Amino acid sequence: MQIARRKSKHLTCDVLKDMNKVLFKTQLLSDQKNTVEDVKLLKTQYGFSGIPITEDGLSNGRLVGLVSSRDFDFLPCKDKGVLLEKVMTPLSELIFADTSVTLAEANATLSKSKKGKLPIVDKDGNLVSLIARTDLKKNRNFPLASKDDHKQLLCGAAISTHEEDRHRLSLLVDAGVDAVILDSSQGNSIYQIEMVKYIKQTYQDLQVIGGNVVTAAQAKNLIDAGVDGLRVGMGSGSICITQEEMSNQMTVLAEPHVSGSYLMAVGRPQATAVYKVAEYARRFGVPVIADGGIQNVGHITKALALGATTVMMGSLLAATSESPGEYFYSDGVRLKKYRGMGSIDAMENRASQARYFGEKDKVRVAQGVSGSVQDKGSIHTFIPYLVSGLQHGCQDIGAKSLSQLRSMMYTGELRLEKRTASAQVEGGVHGLHRWAMR
């Protein structure tokens with residue numbers, strides 16, 4: 001594990017990438033005059049302490065040793081000021097390799113040596129890279145992890161279309177972000193189009209996902225601007241009320257007790273939106289993300305069949321153990337709070353107001369609600385369940401792959417038909433006195 005040093009405060013991408021670097025450039029090192037306390041502070045901040053030591057503390061400096069928690073775990077507290085040169089494992093006792101070694105050979109050397117780290121040095125003894133045993137284990141345990149050509153985990157970040165976010169974008173690029181998602185409920189705006197053009201002109205290699213859109217005409221404007229992917233959906237999320245015609249979700253800031261009805265009724269049925277946008281975007285090789293309306297495995301199968309390459313699952317994953325928030329109980333049911341960014345509750349946060357350009361509004365009009373979702377356990381058990389369900393769906397349809405599934409849709413071999421009310425009853429559980437899904 002390697003510690004990343006950046007002038008930026010945006011370290012999320014660094015941390016994600018460093019957690020899975022197999023062969024990576026050292027970015028923060030200690031020299032021999034640093035103390036054990038310095039390493040402990042780094043361990044507290046980043047969660048690991050295996051750090052190479054160079055003569056000058058620079059990433060390309062001459063390697064003199066390696067320090068890890070096993071070197072100081074049992075040191076008395078009074079010795080926290082001891083210099084690292086007194087506790088580190090010196091170069092003479094390290095197993096290391098030169099720059100001519102291949103990744104496969106380096107992995108084999110690390111496995112055979114039973115060490116935790118394998119430094120890579122050049123002919124002059126200068127540190128070039130570092131391989132960690134934990135990375136080998138992660139590659140073994142997570143072979144399908146999304147990585148770039150340098151074996152680093154892919155990292156994405158969301159930004160707004162506001163002018164001030166251009167500085168934040170610069171910091172994210174410096175931190176190593178691979179893709180940015182323009183977070184907007186209505187992507188077909190001059191603000192987003194200008195932001196896409198700016199990103200593509202300034203950072204040509206950076207992937208940009210635009211949206212949200214629901215029509216081919218909206219998609220065209222963003223594709224012409226240069227987006228690499230599109231999010232599709234408006235008002236179809238479980239906590240979104242943009243499509244609703246009547247509600248009671250208006251609050252006057254000066255008099256928060258005042259509320260009333262409003263009429264918005266903007267959006268499009270999600271299946272139609274995904275199909276229409278995907279059918280147009282595929283001509284340009286632009287993938288589509290179905291954002292909203294995914295309540296079960298069947299909806300995932302439908303979204304992918306209609307042309308989406310990816311689905312967003314907010315409410316489905318919101319109650320998993322790994323999602324943010326604390327569990328609470330209501331009527332004996334284990335729940336987690338879940339709210340829309342357009343809800344009055346979320347608008348108490350300035351970032352949510354900025355997303356809907358409502359920072360200066362005296363009246364807040366909600367486009368979402370706050371609620372709760374039932375516990376679904378860990379994603380390590382829930383995601384395999386979803387994958388298995390999708391596989392069964394493709395099997396029943398007769399598609400060997402997701403690409404074939406989409407191809408069957410466009411050729412007319414696979415059709416979606418309108419179901420009557422009686423057909424919907426017939427397709428569900430019926431005719432039983434009592435039943436349970438077990």
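In this text, all values refer to a predicted model and were calculated from it rather than measured experimentally.

(A) Structural detail: the packing of aromatic side chains. If you walk through the whole model with that rule in mind, you get three aromatic pairs. Geometrically, the ring pair formed by Tyr280 and Phe284 is tilted, given 5.1 Å between the ring centres and 55 degrees between the ring planes. Using a relative accessible area of 12% as the deciding quantity, one classes Tyr280 as buried. Its end group placed over the ring of Tyr327, Arg334 keeps NZ or CZ at 3.6 Å from the ring centre.

(B) Highlighting the packing of helix α10 (residues 297-305) against helix α14 (residues 402-411). Their axes nearest at 8 Å, the elements α10 and α14 cross at an angle of 65 degrees. The pairing of α10 with α14 is recorded here as roughly perpendicular in orientation. Residue-level inspection shows Thr301, Leu304 and Ala305 of α10 in contact with α14, the latter providing Leu402, Leu405, Arg406 and Met409. Its residues placed into classes, the contact of α10 with α14 shows five nonpolar, one polar and one charged.

(C) Region of the structure containing the sheet that holds strand β9 (residues 156-159). With parallel pairing, the six strands of this open sheet are ordered in space as β9-β10-β11-β12-β14-β15. Each end of this open sheet is capped by a strand with a single partner; those strands are β9 and β15 (310-312). Sheet twist, expressed as the average angle between the axes of neighbouring strands with direction ignored, equals 25 degrees. Bridging between strand β10 (residues 179-182) and strand β11 (residues 207-213) involves three bridges; their strand directions are parallel. For Val180, the partnering residue across the bridge sits in β11 and is Val208.

(D) Spotlight on unusual backbone geometry. Cis geometry is adopted by the peptide bond preceding Asn212, which originates at Gly211 and carries an omega value of 5 degrees. You can see Asn212 is positioned in strand β11. Phi at Asp331 is positive, roughly 55 degrees, even though this residue is not glycine. Assignment of secondary structure puts Asp331 in the loop between β16 (327-330) and β17 (333-339). Here Asp331 falls in the exposed class, since its relative accessible area comes to 78%.

(E) Geometry of the pattern of salt bridges. Taken as a whole and assessed by the stated rule, the structure comprises nine salt bridges. Two residues, Asp183 and Arg231, come together in a salt bridge whose shortest N-O distance is 3.4 Å. With a gap of 48 residues between them, Asp183 in the loop between β10 and α7 (190-202) and Arg231 in strand β12 (residues 229-232) connect regions that are remote in the sequence. Residue Arg231 is classed as buried on the basis of its relative accessible area, which comes to 8%. Across the pair Asp228 and Lys200 runs a salt bridge whose closest N-O atoms are separated by 2.6 Å. Residue Asp228 is located in the loop between α8 (216-225) and β12, and its partner Lys200 is located in helix α7; the two are separated by 28 residues in the primary sequence. Residue Asp228 is classed as partly exposed on the basis of its relative accessible area of 24%. Looking at Lys200, the relative accessible area reads 18%, which means it is buried. If you follow the salt bridges from partner to partner, you end up with Asp183, Arg231 and Asp291 in one network.

(F) Main features of the packing of helix α13 (residues 379-397) against α14. The geometry of α13 relative to α14 is characterised by a closest axis approach of 11 Å and an angle of 45 degrees between their N-to-C directions. By the angle class used here, α13 and α14 are oblique. Our pair here, α13 against α14, has a crossing hand that is left-handed. Of the residues in α14, those in contact with Leu390, Cys394 and Ile397 of α13 are Leu402, Leu405 and Met408. Class assignment for the residues of the contact of α13 with α14 results in six nonpolar, no polar and no charged.

(G) Inspection of a nonpolar patch on the surface at higher detail. Taken together, the side chains of Val429, Leu432, Trp435 and Met437 present a nonpolar region at the surface, about 500 Å² in accessible area. Relative to the helices and strands, Val429 is located in the segment after α15 (421-427). Residue classification places Val429 among the partly exposed positions, given a relative accessible area of 49%.

(H) Region of the structure containing α13. Helix length check: α13 (19 residues) gives 26 Å between terminal C-alpha atoms against 27 Å at 1.5 Å per residue, within 8%. At its buried positions, α13 is contacted by α10, α11 (314-318) and α14. Remark: Gly398 follows α13 within two positions and exhibits a positive phi of approximately 100 degrees.

(I) Local environment of the pairing of strand β7 (residues 117-121). Within β7, five of the five residues are buried, which leaves the element mostly enclosed by the surrounding structure. Residues Lys117, Pro119 and Val121 of β7 are buried on one face, and the alternating residues Leu118 and Ile120, pointing to the opposite face, are buried as well. With two bridges joining them, strand β6 (residues 97-98) and β7 adopt parallel strand pairing. Pairing of Ala97 across the sheet is with Ile120, part of β7.

Thresholds, definitions, all that
- Residues numbered from 1 in each chain as written.
- Predicted model: local features only at pLDDT ≥ 70, side-chain atom pairs only at ≥ 80, totals over all residues.
- Heavy atoms only, no water.
- Phe/Tyr/Trp six-rings, centres within 6.5 Å; stacked < 30°, edge-to-face > 60°.
- Buried < 20%, exposed > 50% of the residue type's maximum accessible area, 1.4 Å probe, protein only.
- Lys NZ or Arg CZ within 6 Å of the ring centre and 35° of its normal.
- Axes fitted to C-alpha atoms, helices over the stretch in contact; angles between N-to-C directions.
- Helix = DSSP H or I, 4+ residues; strand = E, 2+ residues; numbered from the N terminus.
- Parallel < 35°, antiparallel > 145°, perpendicular 65-115°, else oblique.
- Contact = heavy atoms within 4.5 Å.
- Nonpolar A, V, L, I, M, F, W, Y, C, P; charged D, E, K, R; others polar.
- Pairing = 2+ DSSP bridges.
- Salt bridge = Lys/Arg side-chain N within 4 Å of Asp/Glu carboxyl O.
- Left-handed = near helix turned anticlockwise from the far one by under 90°.
- Patch = residues over 30% accessible without salt bridge, like charges linked within 9 Å, V, L, I, M, F, W, Y side chains within 5 Å.
- Areas by Shrake-Rupley, 256 points an atom, 1.4 Å probe, with all protein chains shown as cover.
- Expected span 1.5 Å × (residues − 1).

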